[in-house]
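# Overview (structure and organization)
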Amino acid sequence: MVEVETQDGNYVFDPTYGNYYAADIETLCESENAESFKVREAAEDVYYQMDRFFEQVQVITVY
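In this report, the structure presented in the accompanying data block is examined.

Our focus in this paragraph is the pairing of strand β1 (residues 2–6). For β1 and strand β2 (residues 9–14), the ladder comprises five bridges, and the chain directions are antiparallel. Pairing of Val4 across the sheet is with Tyr11, part of β2. Count of turn residues in the β1/β2 antiparallel hairpin: two residues.

Turning our eyes to something else, we now look at the packing of aromatic side chains. Summed over the entire model, instances satisfying the criterion amount to three aromatic pairs. Judged by centre distance (6.4 Å) and plane angle (50 degrees), the rings of Tyr11 and Tyr20 are tilted. A relative accessible area of 19% places Tyr11 in the buried class. Of the residues examined, Tyr20 reaches a relative accessible area of 11% and is grouped as buried. Seen in terms of ring centroids, Phe13 and Tyr20 are 5.4 Å apart; in terms of plane orientation they differ by 20 degrees. Their pairing is stacked. With a relative accessible area of 8%, Phe13 lands in the buried category.

Right, let's get into the side chain of Thr6. Note on placement: Thr6 falls in strand β1. Side-chain polar atoms of Thr6 contact the backbone oxygen of Gly9, separated by 2.9 Å.

A few words on the side chain of Glu3. Note that Glu3 resides in strand β1. For the buried residue Glu3, which engages in no salt bridge, the nearest side chain bearing the opposite charge is Lys38, 18 Å off. At 3.0 Å, the side chain of Glu3 forms a polar contact with the backbone nitrogen of Ile25.

About the cut-offs
- Residues numbered from 1 in each chain as written.
- Predicted model: local features only at pLDDT ≥ 70, side-chain atom pairs only at ≥ 80, totals over all residues.
- Heavy atoms only, no water.
- Pairing = 2+ DSSP bridges.
- Helix = DSSP H or I, 4+ residues; strand = E, 2+ residues; numbered from the N terminus.
- Phe/Tyr/Trp six-rings, centres within 6.5 Å; stacked < 30°, edge-to-face > 60°.
- Buried < 20%, exposed > 50% of the residue type's maximum accessible area, 1.4 Å probe, protein only.
- Polar contact = N/O pair within 3.5 Å; in protein donor to acceptor, adjacent residues only side chain to side chain.
- Lys, Arg positive; Asp, Glu negative; His and termini not counted.
- Salt bridge = Lys/Arg side-chain N within 4 Å of Asp/Glu carboxyl O.

So far we have only geometry, and geometry alone does not tell us how the molecule works.
What follows is the structure, encoded as structure tokens:
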């Protein structure tokens, strides 16, 4: 799991399953329904895989 903090908020990426979530890791761990934060399945053309996404990154925390 990788947590990425951007100007638009925090996101958690799960490269094992190719999913990403609109929440920080703490929120996902404490939630009884982490799936409710799931944005969508990752795909080749999603925004976070483009260089411009990471231009906005302020902090990256790896767990």
